[in-house]
Amino acid sequence: MSPVFLAVAVLLPICGGALIPVLPFRSRKQMMIYIEGVVLLNSVLAVSLLLNRPAEHFVLFRFTSNITLSFRLDGLGSVFTALISVLWPLATLYAFEYMKHEEHEKFFFLFYTVTYGITMGIAFAEDLVTMYCFYEMLTLITVPLVLHTLTREAVLAGRTYLYYSLGGAAFAFIGVIFILVYGTSPDFAAGGVLDLAKIGDRTNLLLLIYVLCFFGFSVKAAMFPFSGWLPKAGVAPTPVTALLHAVAVVKAGAFATMRVTYYSFGTEFLRGTWAQTVVLVPVIFTIVYGCSRALKETHLKRRLAWSTVSNLSYILFGVALMSPLGLVGALTHMICHAVIKICSFFCAGAVICQSGREYIYQLDGLGKKMPKTFAVFTVSGLALMGVPGLAGFVGKWNLVKAALDSAHPLAVVGVIALMISALLTAIYMLTISVRAFVQPGDASAMSAEHQIVPFEEVRDPGWMMLLPLVLFVAAMFVIGLHPQPLIDVFTQIASAIQ
């Protein structure tokens, strides 16, 4: 295919989303058809680009002779492209059902759809400058989504999210500048682009810059001590939190750390240095810390948010191992976690939407009223634990293999952290299902944030919410039972990394 379609796949949802508030829709149904049409068309285009990958790049804008906004689709970008192009249409379909009682719906879907295009820009970025520009645009376009309800909690959450993201961007920008100065090119290249002749005796300085850059991009991946923004962002509507926690923002942070580690600085330069140890320590700590906070949390969406904090550091752990097997493990868990976590968040959103109940102690007996929703939630909980036969096991297994293959002494500590995390995950996920199916219903449950629906009137949601849930569960089983095609693709991508 022509490389111009790379730009089309970025600009179509941006332009299509921007038109939503001004188009004269005669009914909500017309608006839904238009939005889903734009998203589906873009996903079809993205899949076509994956199947017929353009050999050339496309320059969207030129700052200088060697600094541009340009797009190219390589192996790593193809993984992120496939993830967002498959999940976004399903997330949009779910959002239609969830948002039907919310205000300012047109403006919500404006930012929701534009976010698709900007995330695609991160996936297609040919170089560090392009990725950084779209990475920052992602922050700015998702802040209104966090602020959507305009409650005091939403405003505080939006402010926290913005402060954290801008702070992380400042550290990441330092890395961009040093790559431009000490790299042979700003373009991504397997193995890195650093020019050792230019570096000379400044090795420790470049290692420090890598650490700052890794920490900067890891803000969106919610690594400790920068994880506080993510649970607070749970005040946004569930379609937003699902994208924040499973697809767009947090995965963009993990994807960016892969780019700077394997395609800018290079693992040959980083592996075995003090910089690798410095990034491994907070990553391993976050794996256990996130699970511990999830275990203590009584709010349903915030418990899932802390779970995301932990699981994102699974991905960062694979990245920080700085080996081909580590990259395979990171990519595998990135895909598996995205499917599992968007499913569990959509289940939580369905519960809140249908019952008004948001705290775990309010869910007693709801499994009998919403059996389909809680059955799906239980499967997602088992998958997140890492039960064999489901997607979560595949991601964790590949990370453990990579860690045991690594020569770094902290790799074994990471394996222990993964085992502790699996145990804590079983407790904080399955207790929700047990309360829903085993405990008697509590008709007197109250909520300060949502209007409680009488227990007798609680039902499973409509097909627009249930269809994505069923498809996600099917994906968990398919990946869990037949992971080899994915592993083969990821191994081929990682084989270029030395």
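A brief report on the enclosed structure follows.

## Structural notes on helix α13 (residues 274-296)
Here comes step 1: Over its 23 residues, α13 runs 34 Å from end to end, which matches the ideal 33 Å to within 8%, given 1.5 Å per residue.
Here comes step 2: Of the residues making up α13, those classed as buried are A275, Q276, V279, L280, P282, V283, I284, T286, I287, G290, C291 and A294.

## Here we look at the pattern of salt bridges
Here comes step 1: The tally for this structure, following the rule as stated, stands at 6 salt bridges.
Here comes step 2: In this structure, the salt-bridge partner of E126 is R72, at a minimum N-O distance of 2.9 Å. One end of the pair, E126, is in the loop between α4 (105-124) and α5 (128-146); the other, R72, is in the loop between β2 (68-71) and α3 (75-98), with 54 residues separating them in the sequence.
Here comes step 3: Taking the relative accessible area as the measure of exposure, E126 reaches 7% and is therefore buried.
Here comes step 4: Look at R72 and you get partly exposed, because its relative accessible area is 29%.
Here comes step 5: A salt bridge links E268 to R271; the nearest nitrogen and oxygen atoms lie 4.0 Å apart.
Here comes step 6: Using a relative accessible area of 58% as the deciding quantity, one classes E268 as exposed.

## Points about the state of the cysteines
Here comes step 1: Counted according to the given criterion, the structure contains 0 disulfides.
Here comes step 2: This cysteine, C213, is not joined by any disulfide, and C133 carries the nearest cysteine sulfur, 14 Å off.
Here comes step 3: Assessed through its relative accessible area of 0%, C213 is described here as buried.
Here comes step 4: The thiol of C347 is unpaired, and the distance to the nearest cysteine sulfur, on C343, comes to 4.5 Å.
Here comes step 5: Its relative accessible area of 1% is what places C347 among the buried residues.

## Section: the pairing of strand β1 (residues 58-62)
A regular strand places its side chains on the two faces of the sheet in alternate fashion.
Here comes step 1: Relative to β2, β1 is paired through 4 bridges, and the arrangement is antiparallel. Looking at the pairing, F58 lines up with F71 of β2.
Here comes step 2: Linking two consecutive strands that pair antiparallel, namely β1 and β2, is a turn of 5 residues.

## A look at helix α14 (residues 300-320)
Here comes step 1: For α14, with 21 residues, the first-to-last C-alpha span of 31 Å sits near the 30 Å given by 1.5 Å per residue.
Here comes step 2: Extensive coverage of α14 is indicated by the burial of 20 of its 21 residues.
Here comes step 3: Phi for M322, located one or two positions after α14, is positive at around 55°.

## Overview of the nonpolar core
Here comes step 1: Within the largest apolar cluster, 180 residues are counted, with the highest numbers of intra-cluster contacts made by F109, F124, Y210 and F265.
Here comes step 2: Examining the composition of this core, we find that 18 residues originate from one element, helix α15 (residues 324-355), more than from any other.

About the thresholds
Residues numbered from 1 in each chain as written. Predicted model: local features only at pLDDT ≥ 70, side-chain atom pairs only at ≥ 80, totals over all residues. Heavy atoms only, no water. Helix = DSSP H or I, 4+ residues; strand = E, 2+ residues; numbered from the N terminus. Expected span 1.5 Å × (residues − 1). Buried < 20%, exposed > 50% of the residue type's maximum accessible area, 1.4 Å probe, protein only. Salt bridge = Lys/Arg side-chain N within 4 Å of Asp/Glu carboxyl O. Disulfide = S-S within 2.5 Å. Pairing = 2+ DSSP bridges. Core = buried A, V, L, I, M, F, W, Y, C linked by side-chain atoms within 4.5 Å.

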